[in-house]
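Spelled out from the first residue to the last, the chains are:
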Amino acid sequence: PPRMTQAQRQAIDTPAAGLLVYQIDGTPGLYGYNGSEWNTFSGKESALTFSSPFSRSGDTITLATAGAATAGALTSADWNIFNAKVAATRGIATTAPLTGGGDLSADLTLSLPAATASADGYLSSTDWSTFSGKESALTFGAPFSRDGNTVSLATAGATTAGALASADWAHFNTAYGWGNHASAGYLTSETDPLFAASAAHGVAAADITAWNAKLGGSGTASYLPKFTASGTLGNSDLFSDASGNVGIGTLTPASKFQVYGTETGANWAGRGVFGGASNAVVLGQYNNKAYFGAHNGTLDGWSDLTINPGGGNVLLANGGGNVGIGTDTPDYKLDVAGSINGTAMTIGGVPVATSHDTYWSTAGGGAIQYSGGNVGIGKATPAYPLDVLGDINLSGSLRLNGTASLTAAKAANWDAAFGWGNHATAGYLTAYTETDPVFAVSVAAGITTDSTNAWNAKVSGSGTEGYLPKFTASGTVGDSALFSDANGNVGIGTTTPVSKLHIAGADMNNALL
């Protein structure tokens, strides 16, 4: 125990119960703390006892030296011996069937299991006895038999399976046409209609079971087979002819692959579908016509069709025939039922218009404009049924209500008689002095017979209301094909235009602009 003064002992803060110290002053001696107070052992040393590996002899306490059977202090010699031992980090590795290897820091137990039918190991005495007596346990079934250590194979007969005797071989070779067994060993011909499945014929019950497990069924020549039931084959819908063509729905495919259906009316016939869960290409006969298009994934509605998205030409009706958009009875090379939108148009390779600058327009870029039912030439916003910005040149007469109203001669007479201005610089009426309500043909009125003859020689004819006029003969006008209604719509081939320009006829088949 530690040695200290009385003051040092009493200064220990919260000593632990059982603490022993030796006081060197005051009343010296051995003191112990019992948990609540210090007690002296003065005069009580003789009552102290020590257990192994400690011992006492008078005032001497001794610690024994550790040995193989004795606990105690470790000597330096033993320490050196232990220090030279294998490090605790070393281990022992094992391979099957030996187990139990590992780190030497802990005790290891190596095990070798007993051998079984599925595991390697040591041979137990029980198994050794069993294996040692195995020969006597062997049994043989017919046609083999055993007598002691002799195993025999019976000779085959009418009711016994076994080895074929040479005499029987000769009989079979003669009667049933067997080949040379020395070189081939197989049957070359069989004429017996009653070749029963029996051991005598070399056919065992297991063979019959195996044959019965084969696929059954039947089919028609050239049809590809399919399973009609588990283990049974029959005809599929695919037919392959002798030329290598395959047909579905036809026995006479005319190409490498032909799909044929017999449905009529508003139904698909021989439809082929190529696609996935979202969209599919379909082709076949629909509504009694050949169709090629796109369907949705459930095949109950039409979808968008993209043709040659990577580029290249798309040839339609290249060998003759017409193409229809919006109509299934096209009458022309391109027959469109509906409006056409484009950035340019050419006829015979010559541009009719480029970009959005057309000769007929509803905006300010073209030469002829439409606005509110009026036609403007050179004006983007015409204010009258015909509004012209610039000079008008006529090679004939100007007619009002079908009657020639203005000729060159009349213009000269009016210039002299009615105060017209200088046509070279103005070209319009500057004054009008005629007040006679009866404008007679007379010299006094400035109109001569020559004038009337000149007027009568000008343009004549008549027309139907709403039609734009055209020359029907020299000096005569009549209805043209252009019709302008009260709503400002112009029709070609129709008197009921439904848009600003409505073309109806064989060449355009109802084109709207």
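Note that the coordinates shown come from a computational prediction; the quantities given were computed from them, not determined experimentally.

(A) Geometry of the overall build of the chain. Within the chain one finds seven helices and 35 strands. Intrachain contacts of the chain at a sequence separation of at least 6 include 12% that bridge at least 24 residues. Total accessible area computed for the chain in this model is approximately 35,500 Å², and 56% of it derives from carbon and sulfur atoms.

(B) Molecular detail of the sheet that holds strand 18 (residues 289-296). Strand order in the open sheet formed by three strands is 16-17-18, and the pairing between neighbours is antiparallel. In the strand order of this sheet, the two ends are held by strand 16 (268-275) and strand 18, each with one partner. The mean angle between the axes of side-by-side strands here comes to 20°, regardless of whether they run parallel or antiparallel. Pairing of strand 17 (residues 279-286) with strand 18 involves eight bridges; the strand directions are antiparallel. Along strand 18, the bridge assignment pairs Val281 with Ala294.

(C) Spotlight on the sheet that holds strand 2 (residues 20-23). Spatially, the four strands line up as an open sheet ordered 1-2-3-4, and their pairing is mixed. Either end of the sheet is taken by a strand with one partner, and the two such strands are strand 1 (3-4) and strand 4 (38-40). Sheet analysis places strand 1 next to strand 2, joined by two bridges and oriented parallel. Within strand 2, the position partnered with Arg3 by the bridge is Tyr22.

(D) Local environment of the packing of aromatic side chains. Tallied over the full model, the rule gives five aromatic pairs. Among the aromatic residues, those joined into a ring-pair cluster are Tyr286, Tyr291 and Trp302. Taking the ring centre of Tyr31 as reference, the NZ or CZ of Arg9 above it sits at 4.3 Å.

(E) Representation of the pairing of strand 13 (residues 232-240). Across two bridges, strand 11 (residues 216-217) lies against strand 13 in parallel orientation. The residue of strand 13 that forms the bridge with Gly217 is Leu233. Pairing between strand 12 (residues 223-229) and strand 13: five bridges, direction antiparallel. What sits directly across from Tyr223, in strand 13, is Phe239. Hairpin connection of strand 12 to strand 13: two residues between the antiparallel strands, including Gly231 at a positive phi of 85°. Connecting strand 13 to the antiparallel partner strand 14 (residues 246-248) that follows it, the hairpin turn spans five residues, and Gly244 within it adopts a positive phi of roughly 95°.

(F) Spatial organisation of the confidence of the model for the chain. Residue-level pLDDT values for the chain average 74, and 70% of them are 70 or greater. Confidence drops under pLDDT 50 across residues 181-185; counting only partners more than four residues distant or on other chains, this segment forms two contacts.

(G) Representation of a nonpolar patch on the surface in the model. Residues Ile92, Leu98, Leu104, Leu108, Leu110, Leu112 and Tyr122 make up a contiguous nonpolar surface patch of about 560 Å² in total accessible area. The topology assignment puts Leu110 in the loop between strand 8 (102-103) and helix 3 (125-132).

(H) Geometry of the environment of Thr494. Within the element layout of this structure, Thr494 appears in the loop between strand 33 (490-492) and strand 34 (501-503). Its relative accessible area of 14% is what places Thr494 among the buried residues. Between the C-alpha atom of Thr494 and that of Ala481, which follows or precedes it by 13 residues, the distance is 8.3 Å. Polar side-chain contacts of Thr494 include one of 3.1 Å to the backbone nitrogen of Thr496.

(I) Inspection of unusual backbone geometry at higher detail. Residue Ala96 is joined to Pro97 through a cis peptide bond whose omega torsion reads 10°. Looking at where Pro97 falls in the secondary structure, it is placed in the loop between strand 7 (91-92) and strand 8. With an omega dihedral of 10°, the bond running from Ala142 to Pro143 counts as a cis peptide bond. By secondary structure assignment, the location of Pro143 is in the loop between helix 3 and strand 9 (144-147). Its identity is not glycine, yet Ser222 carries a phi of approximately 80°, on the positive side. Considering the arrangement of structural elements, one finds Ser222 in the loop between strand 11 and strand 12. For Ser222, a relative accessible area of 37% translates into the label partly exposed.

(J) Spatial organisation of the side chain of Ser236. Residue position: Ser236 is located in strand 13. Within polar-contact distance, the side chain of Ser236 engages the backbone oxygen of Leu224 at 2.4 Å. At 3.2 Å, the side chain of Ser236 forms a polar contact with the backbone nitrogen of Leu238. In this view, Ser236 contacts Tyr223, Leu224, Pro225 and Lys226; residues no more than four positions away in its chain are not counted.

(K) Local environment of the side chain of Asp387. Counting through the fold element by element, Asp387 comes out in strand 27 (residues 386-388). We classify Asp387 as buried; its relative accessible area is 8%. With residues near it in sequence (within four places) discarded, Asp387 still touches Val375, Gly376, Ile377, Lys379 and Pro382.

(L) Up close: the environment of Ala213. One can find Ala213 in the loop between helix 5 (205-212) and strand 11. Since its relative accessible area comes to 64%, Ala213 is described here as exposed. In the structure, Ala213 is positioned 18 residues away from Gly231 in sequence and 8.2 Å away in space, judged by C-alpha atoms.

The rules behind each value
Residues numbered from 1 in each chain as written. Predicted model: local features only at pLDDT ≥ 70, side-chain atom pairs only at ≥ 80, totals over all residues. Heavy atoms only, no water. Helix = DSSP H or I, 4+ residues; strand = E, 2+ residues; numbered from the N terminus. Contact = heavy atoms within 4.5 Å. Areas by Shrake-Rupley, 256 points an atom, 1.4 Å probe, with all protein chains shown as cover. Pairing = 2+ DSSP bridges. Axes fitted to C-alpha atoms, helices over the stretch in contact; angles between N-to-C directions. Phe/Tyr/Trp six-rings, centres within 6.5 Å; stacked < 30°, edge-to-face > 60°. Lys NZ or Arg CZ within 6 Å of the ring centre and 35° of its normal. pLDDT = per-residue confidence, 0-100. Patch = residues over 30% accessible without salt bridge, like charges linked within 9 Å, V, L, I, M, F, W, Y side chains within 5 Å. Salt bridge = Lys/Arg side-chain N within 4 Å of Asp/Glu carboxyl O. Buried < 20%, exposed > 50% of the residue type's maximum accessible area, 1.4 Å probe, protein only. Polar contact = N/O pair within 3.5 Å; in protein donor to acceptor, adjacent residues only side chain to side chain.

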